[in-house]
Amino acid sequence: MDTSERSNAVSPRTVVMEEWSGSSLTKLSRTATITSFPSLSVLRSGNRFDHVWRRVFEAFVPEGFPESVTSDYVPFQVWDSLQGLSTYIRTMLSTQALLSAIGVGEKSATVLGATFQWFLRDLTGMLGGVLFTCYQGSNLDSNAKMWRLVADLMNDLGMLMDLLSPLFPSAFVFLVCFGSLSRSFTGVASGATRAALTQHFALQNNAADIAAKEGSQETMATMIGMALGMLLARITMGHALSTWISFLSLTVFHMYANYRAVRCLSLTSLNCERTSILLRYFMKTGQVLLPQQVSKMEHVLPIWTTGSALNGARVHIGIRISQLDESTMTELLHLADSHYSEDI
């Protein structure tokens with residue numbers, strides 16, 4: 001803003017200052033006009049509703065949206081919020097069944113017995129999370145799409161175990177421990193893949209802002225899901241058939257929403273399968289695929305490992321030399337020997 005030009009246009013003693021908000025020249029909007037003469041006055045642009053709506057909108061989307069995130073951010077978040085909503089609704093049903101199986105509301109149930117069962121359930125989940133991290137922690141970044149989907153499928157399995165627990169009292173401890181074990185895998189895989197996806201979405205070093213706004217979106221979905229879940233639990237209370245129909249219907253929708261969410265992603269990093277797709281296509285056509293094209297050809301289920309061979313050979317990234325077979329290791333040693341012999 002050229003203050004001198006505005007001062008001459010209005011009055012020799014008047015200074016006019018304009019306040020603009022936005023992330024780029026195409027998205028700027030004037031929010032206020034401040035005038036110094038004859039008295040200091042502030043004229044706000046737009047009505048109060050627009051101001052409130054903008055504040056609410058900024059609480060749920062990253063600053064600079066949509067330029068500050070990748071193009072696959074919006075479709076992923078939409079499907080992710082929908083699957084989260086179905087999860088929280090089903091959580092109320094499974095928790096109601098679990099508390100019933102423990103004996104809440106029954107005179108024969110003891111506090112000590114319920115406490116021990118809950119402790120055993122949590123302990124199993126903690127140990128499972130540690131073991132899962134030990135064996136699969138290094139694969140979560142490279143296969144974020146697959147593990148994101150697997151994590152939610154394991155969460156579905158855990159909820160199913162909770163819902164089955166009242167039907168099999170003799171196997172109650174086994175069912176709740178197995179369900180807790182499944183959810184522990186979910187917690188580790190979901191948290192790790194979320195961090196990898198947040199880095200993917202961030203275009204302006206705003207990963208922290210994206211993570212914070214993701215928390216706001218999840219909180220809103222949680223509150224709505226809990227309210228709908230309590231209503232559904234109240235309606236289906238004492239009706240086993242209605243409970244199972246509601247749970248299974250929401251589970252099918254949850255799996256579909258998760259699949260659509262990971263299918264929206266176009267990751268730019270390379271893993272074994274994406275490398276295989278790129279190399280196969282390049283050797284066949286001499287052209288390099290775009291990330292969006294690779295994502296359409298990429299599998300997101302664990303069964304993709306059966307189809308990532310390159311001319312009959314598997315592609316491995318970051319493998320240790322000690323893990324190679326004997327013939328490959330011998331060939332590699334001969335190549336290294338001939339290379340250093342030429343230098344000498």
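Residues numbered from 1 in each chain as written. Predicted model: local features only at pLDDT ≥ 70, side-chain atom pairs only at ≥ 80, totals over all residues. Heavy atoms only, no water.

Per an unreviewed UniProt entry, the chain goes by Protein root UVB sensitive/RUS domain-containing protein and derives from Kalanchoe fedtschenkoi. In its Subcellular location (unreviewed entry) section, the UniProt record describing the chain reads: "Membrane". (UniProt positions renumbered as here; feature names shortened; annotations may be inferred.)

**Q** Can you help me understand the packing of aromatic side chains in this one?
**A** Think of a pair of aromatic rings as described by two things: how far the centres are apart, and how the planes are tilted against each other in angle. Tallied over the entire structure, the rule returns 9 aromatic pairs. Ring geometry for phenylalanine 57 and phenylalanine 65: centres 6.2 Å apart, planes at 65°, overall edge-to-face. You can call phenylalanine 57 partly exposed: its relative accessible area is 36%. You can call phenylalanine 65 partly exposed: its relative accessible area is 25%. When the centroid spacing of 5.6 Å and the interplanar angle of 85° are considered together, the rings of tryptophan 79 and tyrosine 256 count as edge-to-face. Of this pair, tryptophan 79 sits in helix H3 (residues 73-102) while tyrosine 256 sits in helix H8 (residues 240-263), placing them 177 residues apart in sequence. (Phe/Tyr/Trp six-rings, centres within 6.5 Å; stacked < 30°, edge-to-face > 60°. Buried < 20%, exposed > 50% of the residue type's maximum accessible area, 1.4 Å probe, protein only. Helix = DSSP H or I, 4+ residues; strand = E, 2+ residues; numbered from the N terminus.)

**Q** How should I be thinking about the UniProt feature "transmembrane region" (unreviewed entry) in the chain in this particular structure?
**A** The UniProt record annotates "transmembrane region" (unreviewed entry) at residues 163-181 and 231-253. Taken as a whole, residues 163-181 contains 63% helix and 0% strand, while its terminal C-alpha atoms sit 15 Å from one another. Within residues 231-253, the helical portion is 87% and the strand portion 0%, while the C-alpha atoms at the span's ends are 19 Å from each other.

**Q** What is the right way to look at the environment of leucine 93 in this model?
**A** Tracing the backbone shows leucine 93 in helix H3. Using a relative accessible area of 1% as the deciding quantity, one classes leucine 93 as buried. Sequence-wise, leucine 93 and threonine 236 are 143 residues apart; in three dimensions their C-alpha atoms are separated by 8.9 Å. Once you skip the residues sitting within four places of it in the chain, leucine 93 turns out to touch Leu163, Leu232, Ala233, Thr236, Thr243, Ser246 and Phe247. (Contact = heavy atoms within 4.5 Å.)

**Q** What should I look at first to understand the environment of phenylalanine 172 in this one?
**A** Locating phenylalanine 172 in the fold gives a position in helix H6 (residues 172-201). The buried category is assigned to phenylalanine 172, whose relative accessible area is 6%. For the pair phenylalanine 172 and methionine 161, spaced 11 residues apart in sequence, the C-alpha separation works out to 9.2 Å.

**Q** It is not clear to me how the nonpolar core should be interpreted in this structure. Could you clarify?
**A** A general tendency of soluble globular proteins is for nonpolar side chains to be buried together. Tyr73, Phe76, Trp79, Leu197, Phe201, Ile210 and Leu265 are the most contacted members of the largest nonpolar core, which totals 16 residues. If you list the elements that add at least two residues to this core, you get H3, H6, helix H7 (207-236) and H8. Filtering out sequence-adjacent residues up to four positions away, tyrosine 73 remains in contact with Pro62, Phe65, Phe201, Ile210 and Gln217. Leu93, Leu163, Leu232 and Leu250 belong to the second-largest nonpolar core, a separate cluster that totals 9 residues. (Core = buried A, V, L, I, M, F, W, Y, C linked by side-chain atoms within 4.5 Å.)

**Q** For this particular structure, what's the right way to read unusual backbone geometry?
**A** As a rule of thumb, non-glycine residues mostly have phi less than zero, and peptide bonds are mostly trans rather than cis. In this structure, proline 66 follows phenylalanine 65 across a cis peptide bond, with omega equal to 10°. Locating proline 66 in the fold gives a position in the loop between helix H2 (48-58) and H3. If you check the backbone angles, asparagine 205 has positive phi at about 55° while not being a glycine. Note that asparagine 205 resides in the loop between H6 and H7.

**Q** How should the packing of H3 against H8 be read in this particular structure?
**A** Closest axis-to-axis distance for the H3/H8 pair is 9 Å, and the angle between their directions is 160°. Of the possible angle classes, the one that applies to H3 and H8 is roughly antiparallel. Both H3 and H8 take part in a crossing whose hand is left-handed. Contacts from Phe76, Trp79, Asp80, Leu82, Gln83, Ser86, Thr87, Ile89, Arg90 and Leu93 of H3 reach H8 at Thr243, Ser246, Phe247, Leu250, Thr251, Phe253, His254, Tyr256, Ala257, Asn258, Arg260 and Ala261. Classifying every residue of the contact of H3 with H8 by side-chain character gives 11 nonpolar, 8 polar and 3 charged. (Axes fitted to C-alpha atoms, helices over the stretch in contact; angles between N-to-C directions. Parallel < 35°, antiparallel > 145°, perpendicular 65-115°, else oblique. Left-handed = near helix turned anticlockwise from the far one by under 90°. Nonpolar A, V, L, I, M, F, W, Y, C, P; charged D, E, K, R; others polar.)

**Q** It is not clear to me how the side chain of threonine 87 should be interpreted in this structure. Could you clarify?
**A** Checked against the element boundaries, threonine 87 lands in helix H3. At a separation of 3.0 Å, a polar atom in the side chain of threonine 87 contacts the side chain of histidine 254. For threonine 87, the contacting residues outside a window of four places in its chain are Asn155, Met159 and His254. (Polar contact = N/O pair within 3.5 Å; in protein donor to acceptor, adjacent residues only side chain to side chain.)

**Q** How should I be thinking about the packing of H3 against H6 in this particular structure?
**A** Running from N to C, H3 and H6 cross one another at 160°; their axes reach a closest spacing of 14 Å. The orientation of H3 relative to H6 falls into the category roughly antiparallel. The element H3 and its partner H6 pack so that their crossing is left-handed. Counted together, Tyr73, Phe76, Gln77, Asp80, Leu98, Ala101 and Ile102 of H3 and Phe172, Val176, Arg194, Leu197 and Phe201 of H6 form the full contact between these two elements.

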